[in-house]
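Now for the letters of each chain:
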Amino acid sequence: MGTPGPMTRVVLTDDDGVHSPGLHALARYLVEERYDVCIVAPDRDCSGSSASIGQIALDDRVMSTHLRIPGLPEIEAHAVPGPAGMAAMATCLGTFGPVPDVVVSGINAGANTGHLVLHSGTVGAALTAQNFGVSGLAVSLERSDPWFWSTACDIAGELLAWLVHVAPERSVVSLNVPPRPFRDVLGVRSATWTQPARCR
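Bear in mind that the values here come from a model prediction, so they are computed numbers and not experimental data.

A. View of the packing of aromatic side chains. According to the stated counting rule, one finds one aromatic pair in the structure shown. An angle of 10° between the planes, with centres 4.8 Å apart, marks the rings of tryptophan 147 and tryptophan 149 as stacked.

B. Quick peek at the pattern of salt bridges. Applying the stated criterion to the full structure yields two salt bridges. Note that aspartate 36 is salt-bridged to arginine 9, the shortest N-O span being 3.5 Å. Here aspartate 36, found in strand S2 (residues 36-42), pairs with arginine 9, found in strand S1 (residues 9-13); they are 27 residues apart in sequence, far enough to count as distant. Judged by relative accessible area, which is 8%, arginine 9 ranks as buried. Here arginine 44 makes a salt bridge to aspartate 43, at a shortest N to O gap of 2.6 Å. Judged by relative accessible area, aspartate 43 falls into the partly exposed class, the value being 37%.

C. Looking closely at the layout of surface pockets. Of the volumes computed, that of the largest pocket is approximately 1000 Å³. Taken together, 32 residues form the lining of the largest pocket, with Asn112, Thr113, Ser174, Asn176 and Ala191 sitting closest to its centre. Elements that contribute at least two residues to the lining of the largest pocket include exactly helix H3 (121-131), helix H4 (149-165) and strand S7 (172-177). When residues in the lining of the largest pocket are grouped by element, the largest group, five residues, is from S7. For the lining of the largest pocket, a count of residues per class yields 17 nonpolar, 14 polar and one charged.

D. Up close: the sheet that holds strand S4 (residues 72-80). Overall, mixed pairing links the seven strands, which are arranged S3-S4-S2-S1-S5-S6-S7 in an open sheet. With partners counted over all chains shown, the strands left at the sheet margins are strand S3 (65-69) and S7, one partner each. For this sheet, the mean angle separating the axes of adjacent strands, direction not counted, is 25°. Direction of pairing for S1 relative to strand S5 (residues 102-109): parallel, over a ladder of four bridges. Pairing of valine 11 across the sheet is with valine 103, part of S5. On the sheet, H3 packs against S1, S5, strand S6 (135-141) and S7 and is oriented at approximately 170° with respect to S6. Against the sheet, H4 makes contact with S1, S5, S6 and S7, and its axis sits at roughly 165° relative to S6, the strand it touches most.

E. Fine view of unusual backbone geometry. The amide bond that connects glycine 106 to the next residue, isoleucine 107, takes the cis arrangement and shows omega of 10°. Take isoleucine 107: it is sitting in strand S5. Aspartate 145 connects to proline 146 through a cis peptide bond whose omega is 10°. A positive phi angle is found at arginine 34, which is not glycine, with a value near 70°. Its relative accessible area of 68% is what places arginine 34 among the exposed residues. Phi angles above zero are rare outside glycine, and serine 50 is one such case at about 50°. Turning to its location among the elements, serine 50 is positioned in the loop between S2 and S3.

F. Layout of the packing of helix H1 (residues 21-32) against H4. Look at H1 against H4: their axes get within 10 Å of each other, and the N-to-C directions meet at 50°. Overall, the two elements H1 and H4 adopt an arrangement that is oblique. In this structure, the crossing between H1 and H4 has a hand that is right-handed. Note on element contacts: H4 touches H1 through Trp149, Cys153, Asp154, Ala156, Gly157 and Leu160, opposite Pro21, Gly22, Ala25, Leu26, Tyr29 and Leu30. Residues belonging to the contact of H1 with H4 are distributed by class as follows: nine nonpolar, two polar and one charged.

G. Expanded view of the nonpolar core. Counting residues in each nonpolar core, the largest one holds 40 residues, and the members touching the most others are Leu26, Leu30, Ile39, Val104 and Leu137. Take this core: its biggest share by element is nine residues, from H4. With near-sequence residues (within four places) excluded, leucine 137 lies in contact with Val102, Val103, Val104, Ser105, Ala126, Ala156, Leu159, Leu160, Leu163, Val173 and Leu175. Ranked by size, the runner-up nonpolar core spans eight residues in total, among them Val11, Val80, Met86 and Ala87.

Conventions we followed
- Residues numbered from 1 in each chain as written.
- Predicted model: local features only at pLDDT ≥ 70, side-chain atom pairs only at ≥ 80, totals over all residues.
- Heavy atoms only, no water.
- Phe/Tyr/Trp six-rings, centres within 6.5 Å; stacked < 30°, edge-to-face > 60°.
- Salt bridge = Lys/Arg side-chain N within 4 Å of Asp/Glu carboxyl O.
- Helix = DSSP H or I, 4+ residues; strand = E, 2+ residues; numbered from the N terminus.
- Buried < 20%, exposed > 50% of the residue type's maximum accessible area, 1.4 Å probe, protein only.
- 1 Å grid on protein atoms, 1.4 Å probe; cavity = no way out; pocket = protein on both sides within 12 Å on 5 of 7 lines; lining within 4 Å.
- Points joined across faces, edges and corners; volume = space filled by probe spheres on them.
- Nonpolar A, V, L, I, M, F, W, Y, C, P; charged D, E, K, R; others polar.
- Pairing = 2+ DSSP bridges.
- Axes fitted to C-alpha atoms, helices over the stretch in contact; angles between N-to-C directions.
- Contact = heavy atoms within 4.5 Å.
- Parallel < 35°, antiparallel > 145°, perpendicular 65-115°, else oblique.
- Left-handed = near helix turned anticlockwise from the far one by under 90°.
- Core = buried A, V, L, I, M, F, W, Y, C linked by side-chain atoms within 4.5 Å.

Below, the structure is given as structure tokens:
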């Protein structure tokens, strides 16, 4: 996959919660690819929260719980009592260390396509990052048994390298991955969002 560079900082979040298997799979992948990874994610499942930031303390503090991810003791990880949008906003404002080069959201357990994109906390976190001047990558994997986390990681790795080295600043990509081995994926196809028909 692409080479990130020695100091590419990635903040990893999701809307399924800090203990979700998709987030852990992507964290392991990013560490292996030598990204500087920090996890800031909801302390519970916040699916469907869009770009919501939830309730913030009157003194502007962001409460968090420091924790360790199994098998990844070297990663700094924080659980926040709010949705992924809050996590993305806080990291882009420097609450959890240096401002990231990219906010990566996922891997979401389930696709985020069509009208669902508007309500997705996974996509909402990436859009929140863009709103605060940082590129974002939202990664979603279509449901299956077993889960193909490694396929999503491999494709996300290619797009992340593109975001870091090629894409304009403040770019956002929403990636949806099919449930199959990486060798069976024929390629990445881009799509554009169109305005849905008005309700009458």
